[in-house]
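Given next are the chains, with one letter for each unit.
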Amino acid sequence: MSAEIKVKRLSSRKRSRDRRISNLTPARKRTSASGRQCPDNTGQIELSRAMDQSMDAKFSEYCSDTEDLFGDYDSIVSDSSFLAKINRVGQNMRPHDIDHTTSSRCPVVLLAGNPDFTSLKSSTDNCPKQSCDDSMTESFLEGFTDDAFLDMPSSQLAFLQAPQTEDRNCCADEDKTSMPMRHPEKSVSTEDRNERHIAPKARKSVSGHLKRAMMANAATPSSVSRTAVQKEAVVTEEISVAMQAMESVSMATTDRGPFFGLPTKVKELICNLKGIKDLYEWQKTCLNLDSVQQRRNLIYSLPTSGGKTLVAEILILKELLCRKRDALFILPYVSLVQEKVRGLASFGLELDFMVEEYAGSKGRFPPVKGRGKRSLYIATIEKAHGLVNSLIEANRLDNVGLVVVDELHMLGDGSRGAIIEMTLAKVLYISKSTQIIGMSATLGNVQDLQKFLKADNYTNDFRPVELKEYVKLKDSIYEVDPKEEECFRFSRLLNFKYSSAMQKIDQDHIVALVTEVIPSHSCLVFCPTKKNCENVAGMICKYLKEDFIQHKQAEKAVLLEELRSSGNGSLCPVLKKTVPYGLAYHHSGLTSEERKLVEEAYSAGVLCLLTCTSTLAAGINLPARRVILRSPYVAADFLKRSQYKQMVGRAGRAGIDTHGESILILQDKDKVLVKKLVSAPVEICISNLMHSDGKGVLSLILSVIGLNITNSLEQIRDFMSGTLLSVQEKQVCLERSLWEVTQECVELLKEKGLVTVSTEPQDGTLQVTKLGRATYKGSVDLTYCDLLYRDLSKGLESLMLNSFLHLIYLVTPYDMVSQCKPDWMVYFRQFTMLSAVEQKMCAAVGVSESFVARKAAGQNVKKNVDQVVVSRLYLALVLLSLLKETDLWSVADRFQLSRGFIQTLLSSSSVFCSCVLHFTEELEEFWPFKALLTELTRRLTYCVQAELIPLMEVAGVMERRAKLLYNAGYKTLAHLANADPNVLTKTVENLFKKQANQIVASAKMLLNEKADALQEEMDDLLMMPLDLLSL
């Protein structure tokens, strides 16, 4: 066939739906249009007409009213000229066709009812032999050339392939279906079809076949439809854009759930692990502040026990989980760090982040990379400073998104306050994206702190339990009321009968005050000295009734046994007397394990009264129904307003007491001072960078030069302008300006050989020397850096390695020397017990046996001997005995020192040993010390038998519990990490479920941390060098 078929383009735009209705128009539109009919297609057979009618009902399912299936082309069905050409060609072909009988045709059964296209017809119903219609159609299509269809839409071209592909597919695979099936439940069997006689029908016309194929093509979405392809491409692009938008929104937003942007799981964990079901209103308000939402720095202050820490923890979790950045939580004391590590380890395991402890000698600089996990660093003030320095040096400070500082008022607390200021100043200067949150119960000059931190302020006087403040003068109780002229308003008289003998012993009526609340409620008695704590506890027991012994007698017996076990069979005689009555004392004279046992017993209600020093007020939260201040003094110093508020703030236990009471015992001579104390504003917080002749400024300048934060005087000046000292320059720098102080400090660092000026011409940049780098990286006090270098150099010349004594002497803290005066008889006795090599080492450092013998005999020594060296060696002997025996009680008895002092000495020595280790790592000449001090640091940190050290690494596991765990079969960290808490409580004596859960969680967290460290080391080994040469 040479006939040329062209498709007529009627319009270059989409046709209006008001045009002539075709068979492609949905049935509901055809019936509604009056006076319009489908075009009359000559020669169309009944099969085609029936097919058309049955398919029209479903067109609306596939074709929308506004969709043009053929793009800019009109339907062929509506083009009469094209169909007429098709009919003429078909008529010309008829004389050449061969007649066929009925048996050769495919019988078609027209089923009644609405057509159903939801199911597919079975293959057996649609596999007839090729009919004459099909042969004709194929022969007809063969006559068309490719050029004839260049302008045809893809949907029309698909028709040309349909007759061949459909029939071939139908016969080729019986498991495949070629057309939809109507009402499968009404399908007719082969036998039924044979029984029916269907008369032979005339051969279908080409136009009818074409029309039917096009309608089927329209009803079944075609992958070759240009419009469909275009729409699919548009939809795909829109989905891609939407996904990118969602990802960008996901990264930008911090909202991950209904609980202040956190998942509901966090709320459930807080409820299950902390027992907190709902937040206070002030907490909700604070968490919804614009400062929090917009990530501005914030200072918030509330009274003690108001729930400040929970807000900080929620903000930390938001940083870790939502913003996917690390967080740093700075706490003032080691005990608080350990408590917080234990408490948050379970959160870390449940929410998939790391909790790392930086306290004492623990902590890695720089920290291990989390390998996809975020990290929460919980650190003491000193360790936080070292951590920030290491992150700056590694260019990783931006990974820390949040820094939280507890007890922010400690900025004004001597050298520790200077370290806090240095840490925050570096964060502010280096990382603009890191948010800083400061919280405190007592803040005076908050405006200065706001200016320093560029922070907003939120203050609230909320207390979960009402606090009533009283003072006691003689036998009368007065309520504190600053509105009154005298500040005090009479409340009541004490109702307690005192004998004359009792009146002489208890002149302050402490027994009367405590017996009003104990044993049914708890009580804290703050005393001015450690010795007074022990005396007051013993005095109260002397006048308590025997009924107090019966109260929780079994639990107190268990506590006594645990205390005895912690002392390897030794028990403090004061505690032995007071614990049966439910009383104990609490101060630094206790060992760390004794303090922990006393705190746990008080929290559990086994102990109802503690006599304590002021340090307890700033430490672990141990609230009480009544707080008694034995005196308005701390040692010989009168109380500060901030100290007073911290102490009385312990009164009132949320969820237990309806109110709290504080009673300050005063004498007539202190009445005027106490009036000022209870009514005066909180003391202002002053920068301590100038503390100890500007030692803080010297350390700060040295570290910022060493960390390459600054390298010129102008840059140092710019950095110093961002400190609290700069804000308070007029108050602090009275004689010299801050710029003059800065210049003097730089010159002093040059004189000490810690800083030098570049030798490059016209350069003049400041650089740290090797000694300067070792000093700031080791966090060594500038006062002792020269002395430490000389001692290490001298020690290296004749280092004795057959005993720990020489190494111990080198890491004995210089600042502990002034706190101990040697007992010369003890000194001589211990000296004579040393080996000949050890005595030779003592003589080498400047302490000979003859010198010690003369001092022990009370003789004068004419030879000048450095007293610092003598005292330092004495402390080294204490530490050596402790490492050999690991029995603190026996060592304390031998050297006639308190066990609390020895505990402090041991802790300080382990920290200083870690500092010396980092110091020597920066100096090549001290390379032998690296391996030696690493092991010594570990031994001093735990001071137990070697097999117990892995268990002691877990937060909250002390020596006594480590022994119990080891004897129960938990001998390694892996044992603990995989332990069942329920089994632990049954196999380990006196271990509660909550403690078991915390131990297991801490062990798992520590194990993960160690595994990450090893993985990081492996990654570093396998990493291809960046400077690898290639051809």
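Residues numbered from 1 in each chain as written. Predicted model: local features only at pLDDT ≥ 70, side-chain atom pairs only at ≥ 80, totals over all residues. Heavy atoms only, no water.

**Q** Could you clarify how one ought to interpret the environment of V598 in this entry?
**A** For V598, the location among the structural elements is in helix α23 (residues 592–603). Its relative accessible area of 1% is what places V598 among the buried residues. Note: C-alpha distance between V598 and L575 (23 residues apart in sequence) is 9.9 Å. (Helix = DSSP H or I, 4+ residues; strand = E, 2+ residues; numbered from the N terminus. Buried < 20%, exposed > 50% of the residue type's maximum accessible area, 1.4 Å probe, protein only.)

**Q** Quick question: what am I supposed to make of a nonpolar patch on the surface here?
**A** The grouping of M1018, L1021 and L1022 at the surface amounts to a nonpolar patch, some 360 Å² of accessible area in total. On the secondary structure map, M1018 appears in helix α46 (residues 993–1022). (Patch = residues over 30% accessible without salt bridge, like charges linked within 9 Å, V, L, I, M, F, W, Y side chains within 5 Å. Areas by Shrake-Rupley, 256 points an atom, 1.4 Å probe, with all protein chains shown as cover. Salt bridge = Lys/Arg side-chain N within 4 Å of Asp/Glu carboxyl O.)

**Q** Is there a simple way to think about the nonpolar core in this case?
**A** Soluble globular proteins tend to pack their nonpolar side chains together in the buried interior. Judged by nonpolar contacts, the single largest core of 124 residues is most densely connected at L328 and Y827. With twelve residues, helix α38 (residues 867–885) is the largest single contributor of residues to this core. Not counting residues up to four positions away in its chain, the partners in contact with Y827 are P822, V847, V852, V870, L873, Y874 and L877. If you look at the next biggest cluster of nonpolar residues, it comprises 120 residues, including L351, V471, L616 and L639. (Core = buried A, V, L, I, M, F, W, Y, C linked by side-chain atoms within 4.5 Å. Contact = heavy atoms within 4.5 Å.)

**Q** Would you take a moment to explain the packing of helix α27 (residues 691–706) against helix α32 (residues 770–777) for this structure?
**A** Between two packed helices, the angle of one axis relative to the other and the distance separating the axes together describe the packing. At their nearest, the axes of α27 and α32 sit 9 Å apart, and the two run at 110° to each other. What the angle tells us is that α27 and α32 run roughly perpendicular. As for the relative orientation of α27 and α32, their crossing is left-handed in sense. In this structure, α27 uses L702, S703 and G706 to contact α32, whose residues at the interface are G772, R773, T775 and Y776. Of the residues in the contact of α27 with α32, the class split is two nonpolar, four polar and one charged. (Axes fitted to C-alpha atoms, helices over the stretch in contact; angles between N-to-C directions. Parallel < 35°, antiparallel > 145°, perpendicular 65-115°, else oblique. Left-handed = near helix turned anticlockwise from the far one by under 90°. Nonpolar A, V, L, I, M, F, W, Y, C, P; charged D, E, K, R; others polar.)

**Q** Honestly, the pattern of salt bridges in this entry has me stumped. Any pointers?
**A** Opposite charge on two side chains lets them pair, provided their charged atoms get close. Taken as a whole, this structure holds 38 salt bridges when the rule is applied. A salt bridge links R492 to E516; the shortest N-O distance between them is 3.0 Å. Linking R492 in strand β12 (residues 488–493) with E516 in the loop between α18 (510–514) and β13 (523–526), this pair joins segments that are 24 residues apart in sequence. Relative accessible area serves as the criterion here: at 28%, R492 is assigned to the partly exposed category.

**Q** Honestly, the confidence of the model for the protein chain in this entry has me stumped. Any pointers?
**A** In low-pLDDT segments, the atomic positions of the prediction should not be examined closely. Here the protein chain shows a mean pLDDT of 80. Residues at 70 or above account for 76%. Considering each helix and strand of the protein chain separately, the mean pLDDT is smallest for strand β1 (residues 119–120), with a value of 38, and largest for strand β4 (residues 326–330), with 97. The model gives residues 1–52 a pLDDT under 50, and that stretch makes 90 contacts with residues more than four places away or in other chains. Here residues 96–151 scores under 50 on pLDDT; set against residues more than four positions off or in separate chains, the count is 92 contacts. (pLDDT = per-residue confidence, 0-100.)

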